[in-house]
Every structure is written in C-alpha cells, then in structure tokens.
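# Coordinate inspection notes
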Amino acid sequence: GCWRNGSEADCCAGSRRYSAVWRIIRPPKYLLVFTMFRLLPMQEHHLDGVQAVQQRAYARDLWETTAVLGQKQQLSARTCFVICSPEEQVVAYIFSHPWSDRAIPKLNSALTALPEHSTVLYIHDLAVDPDWHGRRLAQQLISAVEQAAHELALMVVALVAVQGAQSFWQRQGFVVDVEAGLR
C-alpha cells in the first residue's frame with residue numbers, strides 16, 4: 001500500500017501488483033494451534049528458515065535480506081511469529097509491527113525505530129512454504145498477530161497484498177482500502 005503523499009507512483013512506480021487492505025479486529029476468543037505444528041515467537045535463530053520460506057514463496061524482486069528482516073524482528077519481537085514443523089523446520093512466518101496509518105515502509109529497507117504513536121499493527125510479510133499450503137497455517141499466524149494487536153491496544157491491522165493475494169486477504173476478513181490509491 002503506497003500511501004506516501006497519496007500517490008501510487010511515489011512508491012510503486014505505477015505497478016498494479018499491490019493492493020492495500022485493512023481489517024478492524026476484535027479480541028480473539030482463542031488461538032488455534034494444531035499439535036503437529038508449533039507457533040512460536042520469532043527468534044534470531046529462525047531467520048535462515050524464514051529466508052528459505054521467503055525465497056520459495058515470493059518472486060525475487062520481493063525478497064528482503066536477512067539483515068533487514070532481523071532488524072524488523074528485533075524492533076517488534078512481540079508481533080513476529082513462525083510456525084515450525086515437527087522437525088523444527090520453519091514452514092511459515094509473519095512479520096508485523098506497530099505503524100502509522102497509511103505510512104507504508106518500503107520493501108527491503110531498514111526501520112530504525114517504530115513510530116512513537118502507532119495507530120495500526122502493520123503486517124509487513126506473511127509467507128507459507130508452498131509445500132505446506134492448505135493446512136491453515138496462515139490463519140494461525142493471522143490469529144497470533146490479532147492477539148498481539150489486541151495486547152498492544154491497536155484495533156486495526158493493515159497490510160499490502162502482493163502477488164495477487166488480495167482475494168486471500170479478503171477471505172480472511174480484510175477489506176480493500178479504496179482511499180489508499182492502490183489497485
């Protein structure tokens with residue numbers, strides 16, 4: 001969601017691969033975790049596995065360096081999670097962090113600090129290894145982020161849908177923000 005100066009061209013150079021979506025959240029009743037997989041707070045030692053999932057899930061132009069991802073995890077450790085297989089392999093992950101409404105951080109850019117007055121919990125990245133699709137792992141990660149948002153008293157979760165994922169996010173209850181100027 002390139003909301004910088006209200007112009008899509010400012011951040012996406014006219015690309016139509018991005019869609020801004022928002023969701024107003026309510027406190028979750030429970031957090032569902034299948035016993036076969038472990039939902040864990042992301043730690044530094046998970047980053048190599050995160051990188052492997054990212055490279056299998058995204059086109060190369062959407063990859064972020066391990067250093068940038070690690071920095072985001074360190075800034076907001078309470079809102080970043082992984083799901084590991086029974087063999088302790090990272091099979092899915094989510095990076096999120098408190099952020100300001102409509103001020104989307106650039107891809108593969110370091111964040112030096114979180115905003116002093118955050119208004120949303122921004123999902124920076126969610127990926128599931130393609131070999132593990134169909135097991136509702138993404139939904140578990142989204143639930144964990146919603147719980148974290150609730151604990152931080154942030155009632156809105158926002159993200160930018162990439163690679164045609166807008167319909168996935170809509171099925172999760174997110175709505176497209178037409179005022180964001182993205183399609």
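Predicted, not measured: the structure shown is a model, and the values here were computed from it.

## Observations regarding the pairing of strand E5 (residues 120–128)
The element E5 is largely enclosed, with a buried count of nine among its nine residues. In the sheet, strand E4 (residues 90–99) pairs with E5 via eight bridges, with the strands oriented antiparallel. What sits directly across from Phe95, in E5, is Asp125. Judged from the three bridges that link them, E5 and strand E6 (residues 156–161) form a sheet pairing that is parallel.

## Looking at unusual backbone geometry
Here Glu88, not a glycine, exhibits a phi torsion of approximately 70°, which is positive. In this fold, Glu88 is placed in the loop between strand E3 (81–84) and E4. Positive phi values are uncommon outside glycine, yet Ala153 reaches one of about 60°. Tracing the backbone through its elements, the reader meets Ala153 in the loop between helix H4 (137–151) and E6. You can call Ala153 exposed: its relative accessible area is 60%.

## Comments concerning the nonpolar core
Judged by nonpolar contacts, the single largest core of 28 residues is most densely connected at Phe81, Ile83, Ile123, Leu126, Leu137, Leu141 and Trp169. Elements represented by at least two residues in this core include exactly E3, E4, E5, H4, E6 and helix H5 (166–171). Residues within four places of Ile123 in sequence aside, it is in contact with Ile94, Phe95, Ser96, Val145, Val157, Ala158, Leu159, Trp169 and Phe174. Met42, Val50, Leu69 and Val120 belong to the second largest nonpolar core, which has 24 residues in total.

## Re the confidence of the model for the chain
Per-chain confidence: the chain averages 80 in pLDDT, with 77% of residues scoring 70 or above. For the chain, helix H1 (residues 9–12) is the element with the lowest average pLDDT, namely 38, and E3 is the one with the highest, namely 97.

## Notes on the packing of helix H2 (residues 47–57) against helix H3 (residues 66–75)
The contact between H2 and H3 brings their axes to 10 Å, and the two run at 120°. Compared by their axis directions, H2 and H3 come out oblique. The handedness of the crossing between H2 and H3 comes out as right-handed. Contacts between H2 and H3 involve Leu47, Val50, Gln51 and Gln54 from the first element and Thr66, Leu69 and Gly70 from the second. The residue inventory of the contact of H2 with H3, partitioned by class, reads three nonpolar, four polar and no charged.

## Describing the packing of aromatic side chains
Two numbers describe a pair of aromatic rings. These are the distance of the centres and the angle of the planes. Applying the stated criterion to the full structure yields four aromatic pairs. Ring geometry for Phe37 versus Trp132: centroids 5.4 Å apart, planes at 85°, classification edge-to-face. With a gap of 95 residues between them, Phe37 in the loop between strand E1 (19–24) and strand E2 (38–41) and Trp132 in the loop between E5 and H4 connect regions that are remote in the sequence. Both residues of the pair, Phe37 and Trp132, count as buried. An angle of 80° between the planes, with centres 5.1 Å apart, marks the rings of Phe168 and Trp169 as edge-to-face. Overall, the relative accessible area of 19% leaves Phe168 in the buried class. Assessed through its relative accessible area of 6%, Trp169 is described here as buried.

Reading the values: rules and limits
Residues numbered from 1 in each chain as written. Predicted model: local features only at pLDDT ≥ 70, side-chain atom pairs only at ≥ 80, totals over all residues. Heavy atoms only, no water. Buried < 20%, exposed > 50% of the residue type's maximum accessible area, 1.4 Å probe, protein only. Helix = DSSP H or I, 4+ residues; strand = E, 2+ residues; numbered from the N terminus. Pairing = 2+ DSSP bridges. Core = buried A, V, L, I, M, F, W, Y, C linked by side-chain atoms within 4.5 Å. Contact = heavy atoms within 4.5 Å. pLDDT = per-residue confidence, 0-100. Axes fitted to C-alpha atoms, helices over the stretch in contact; angles between N-to-C directions. Parallel < 35°, antiparallel > 145°, perpendicular 65-115°, else oblique. Left-handed = near helix turned anticlockwise from the far one by under 90°. Nonpolar A, V, L, I, M, F, W, Y, C, P; charged D, E, K, R; others polar. Phe/Tyr/Trp six-rings, centres within 6.5 Å; stacked < 30°, edge-to-face > 60°.

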